[in-house]
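Results of the structural survey
Residues per chain, in single letters:
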Amino acid sequence: VADNASKLVRYAKVARVFTPGAPINSQALFAGRMPQIMEVVNASMQRGQHAMLYGERGVGKTSLANVLHEFLSDATLTSVKVNCSTNDTFVTLWTRVFRELAIDPELDGTPVDPDDVRYLLQQRLVGPALVVIDELDRLDDDEALSLLADTVKALSDHSVDVTLVLVGVADSIDELVGDHHSIERAIVQVPMQRMPLDELVEIVDKGLDELDMTSTQAVKERIGRLSEGLPHYTHLLALHAAQYAVMDDRDAIDPADVDVAIKRAVQKATQSIQSSYQLATRSPRPDSQFEQVLLACALAPKNELGYFTAGSVRRPLSRIMGERKEIPSFARHLNKFTEPGRGAVLQKSGESRRFFYRFANPVLQPFVILNGIARGLVEEDLVLELQEESRSVISHGEDDGWQQLFDD
Ligand SMILES: Nc1ncnc2c1ncn2[C@@H]1O[C@H](COP(=O)(O)OP(=O)(O)OP(=O)(O)O)[C@@H](O)[C@H]1O
Ligand SMILES: [Mg+2]
């Protein structure tokens, strides 16, 4: 039996390995994502090519950007990263990039336009450079975005030995840089989807390795499945499961540790997740069914952008309630979820009878499921069964399966 001091040391180490709140910053704990890395690495090998990484909130964009340079075996490479903030302009952004690159623009005059930036980089850089510009979605200044697109073009046209990697939350590159036809050939688009199960399992594997802990494949897959493709939840569940095992003097994580982890993950979710769940589902009437309908939405089959239809909510809701539920019985709930009164947790698009819905904040979706399990609204076995079903609906010839979800 370990003494308390050494237990605490291990307990703390678990929290350095499983980091639900922070991006990965070293290759040792970075899992999967090989196809995406290869695309960016290829782009950086070719002069004139740049890359754009985009996807849902929380899928792992920053983590990938953080470890990119470790995959580029060039010792002469300079790699820097800056984050955009809401009040940045083209000039403030590039001033920060130059500071990171240890280039003092004062000597050549402050760069104010794309060609100044191009000139300065060309004059002052010794050797190749990788410049990551993250959180591009936060940049409010439209002019800054179009100047950034012009910078990509200028760097590309002059074959400057710099690779720009633009990173941000978006469904498509247009959403980030607007009309991008002028830079289409200069930029490799790398969409970041949710992580597949085997990569989520790899996160748990690598972390446990680092901690000299073990677990069964079944336990790792269970943590992976409950994460719904979002690595944040893999870290959150693995963190609590491993800490519980450490406090119990065990090196192996067992299924009961995951049960505990689900409860803790729900209790310790961020304040903003907790309050948007409360706002969305609160009701003075115990039979209002807002919680069950939101849970069914979280479990409904979705397309690759996270959209689902009212038709696709029927089956999970019927299984959760244990009786057949048709659209009219929950259409009102769906509508309410899109209104400010319930925090607009769902976004609605499309037209009448062809509406699509999705979670405004994708990070809420796995929380709704974990909360449903923790609070006994749904059995975990049923969750796994519905997840399995929705995978097959989606993968069965996109159109058939997908269209079927509309018929009402
Ligand atoms: N490839 C990976 N291997 C291991 N853990 C990962 C990986 N990618 C992401 N994570 C973990 O998932 C969580 C979210 O990752 P990250 O912050 O990189 O996502 P993001 O897409 O940049 O999020 P945001 O949209 O909020 O900026 C973090 O806890 C991070 O440690
Ligand atoms: Mg990020």
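Residues numbered from 1 in each chain as written. Chains lettered and ligands numbered in written order. Predicted model: local features only at pLDDT ≥ 70, side-chain atom pairs only at ≥ 80, totals over all residues. Heavy atoms only, no water.

Examining the overall build of the protein
- Within the protein one finds 18 helices and 9 strands.
- Against the compact-globule benchmark of 22 Å for 408 residues, the protein has a radius of gyration of 24 Å, which places it among compact chains.
- Judged by the C-alpha coordinates and their principal axes, the protein covers about 70 × 65 × 40 Å.
- The burial tally for the protein puts 50% of its 408 residues in the buried class.
- Pairs at least 24 residues apart make up 73% of the contacts formed inside the protein by residues separated by at least 6 positions.
- Only carbon and sulfur atoms are counted for the fraction: they give 49% of the accessible area of the protein, which is about 19,000 Å².
- Charged side chains in the protein number 42 positive and 61 negative. The centres of these two groups are separated by 7 Å. (Helix = DSSP H or I, 4+ residues; strand = E, 2+ residues; numbered from the N terminus. Rg over C-alpha atoms; globule rule 2.2 N^0.38 Å. Buried < 20%, exposed > 50% of the residue type's maximum accessible area, 1.4 Å probe, protein only. Contact = heavy atoms within 4.5 Å. Areas by Shrake-Rupley, 256 points an atom, 1.4 Å probe, with all protein chains shown as cover. Lys, Arg positive; Asp, Glu negative; His and termini not counted. Charge placed at Lys NZ, Arg CZ, Asp CG, Glu CD.)

A few points about the packing of helix α12 (residues 271-281) against helix α16 (residues 364-374)
- As a packed pair, α12 and α16 sit with axes 11 Å apart at the nearest point and diverge in direction by 70°. By the angle between their axes, α12 is roughly perpendicular relative to α16. For the pair α12 and α16, the contacting residues are Ile273, Gln274, Ser276 and Tyr277 in the first and Leu364, Phe367, Val368 and Asn371 in the second. (Axes fitted to C-alpha atoms, helices over the stretch in contact; angles between N-to-C directions. Parallel < 35°, antiparallel > 145°, perpendicular 65-115°, else oblique.)

Focus: the layout of surface pockets
- Counted as a void, the largest pocket has a volume near 1,200 Å³.
- Forming the walls of the largest pocket are 41 residues, and the residues nearest its centre are Glu56, Arg194, Glu228, Asn303 and Glu304.
- Secondary structure elements with two or more residues in the lining of the largest pocket: β1 (50-55), β5 (187-192), α8 (197-210), α9 (217-226), α13 (290-299), β9 (354-359) and α17 (380-395).
- Per-element accounting of the lining of the largest pocket gives the leading share, 5 residues, to α17.
- Across the lining of the largest pocket, the residue classes break down as 20 nonpolar, 10 polar and 11 charged. (1 Å grid on protein atoms, 1.4 Å probe; cavity = no way out; pocket = protein on both sides within 12 Å on 5 of 7 lines; lining within 4 Å. Points joined across faces, edges and corners; volume = space filled by probe spheres on them. Nonpolar A, V, L, I, M, F, W, Y, C, P; charged D, E, K, R; others polar.)

Side note on the confidence of the model for the protein
- In this model, the protein carries an average pLDDT of 91, and 95% of its residues clear a pLDDT of 70 or more.
- Segment residues 397-401 is flagged for pLDDT under 50; beyond a separation of four residues in sequence, or across chains, it makes 4 contacts in the model. (pLDDT = per-residue confidence, 0-100.)

Examining the site of ligand 1
- Among the 21 residues in the neighbourhood of ligand 1, the closest are listed as Thr19, Ala22, Ala31, Lys61 and Ser63.
- Ala31 is positioned with one of its backbone polar atoms (N or O) 2.8 Å from a nitrogen atom of ligand 1.
- Contact between ligand 1 and Lys61: an oxygen atom at 2.7 Å from a side-chain N or O atom of the residue.
- For ligand 1, whose accessible area on its own is 630 Å², the fraction buried by protein is 91%.
- Cavity membership is defined here by more than half of the atoms lying within 2 Å of grid points; on that basis ligand 1 lies in the second largest pocket.
- If you list the elements that add at least two residues to the shell around ligand 1, you get α3 (61-71) and α10 (231-247).
- Considered class by class, the residues forming the shell around ligand 1 number 12 nonpolar, 7 polar and 2 charged. (Near = heavy atom within 4 Å. Polar contact = N/O pair within 3.5 Å; in protein donor to acceptor, adjacent residues only side chain to side chain. Sits in = over half its atoms within 2 Å of the grid points.)

Describing the pattern of salt bridges
- Taken as a whole, this structure holds 26 salt bridges when the rule is applied.
- The partner of Arg222 in a salt bridge is Asp259, and the shortest N-O contact between them spans 2.6 Å. Here Arg222 is found in helix α9, whereas its partner Asp259 is found in helix α11 (residues 255-267), with 37 residues between them in sequence.
- When its relative accessible area of 14% is taken as the criterion, Arg222 is described as buried.
- Residue class for Asp259 comes out partly exposed when judged on its relative accessible area of 37%. (Salt bridge = Lys/Arg side-chain N within 4 Å of Asp/Glu carboxyl O.)

Some points on the side chain of Asn66
- Secondary-structure assignment places Asn66 in helix α3.
- For Asn66, a relative accessible area of 18% corresponds to the buried category.
- At a separation of 3.0 Å, a polar atom in the side chain of Asn66 contacts the main-chain carbonyl oxygen of Ile24.
- In this structure Asn66 touches Pro23, Ile24, Asn25 and Lys81, once residues within four positions along its chain are discounted.

Observations regarding the packing of aromatic side chains
- If you walk through the whole model with that rule in mind, you get 8 aromatic pairs.
- Here the aromatic rings of Tyr307 and Phe356 are separated by 6.0 Å at their centres, their planes lie at 70°, and the arrangement is edge-to-face. Of this pair, Tyr307 sits in the loop between α13 and α14 (310-321) while Phe356 is found in strand β9, placing the two residues 49 residues apart along the sequence.
- A residue is classified by how much of its surface remains accessible, and Tyr307, at 15% relative accessible area, is buried.
- Look at Phe356 and you get partly exposed, because its relative accessible area is 21%.
- Members of the aromatic cluster, each reached through a chain of ring pairs, are Phe90, Trp94 and Phe98.
- Its end group placed over the ring of Phe290, Arg342 keeps NZ or CZ at 3.6 Å from the ring centre.
- The side chain of Lys348 reaches across the aromatic face of Phe355, ending 4.2 Å from its centre. (Phe/Tyr/Trp six-rings, centres within 6.5 Å; stacked < 30°, edge-to-face > 60°. Lys NZ or Arg CZ within 6 Å of the ring centre and 35° of its normal.)

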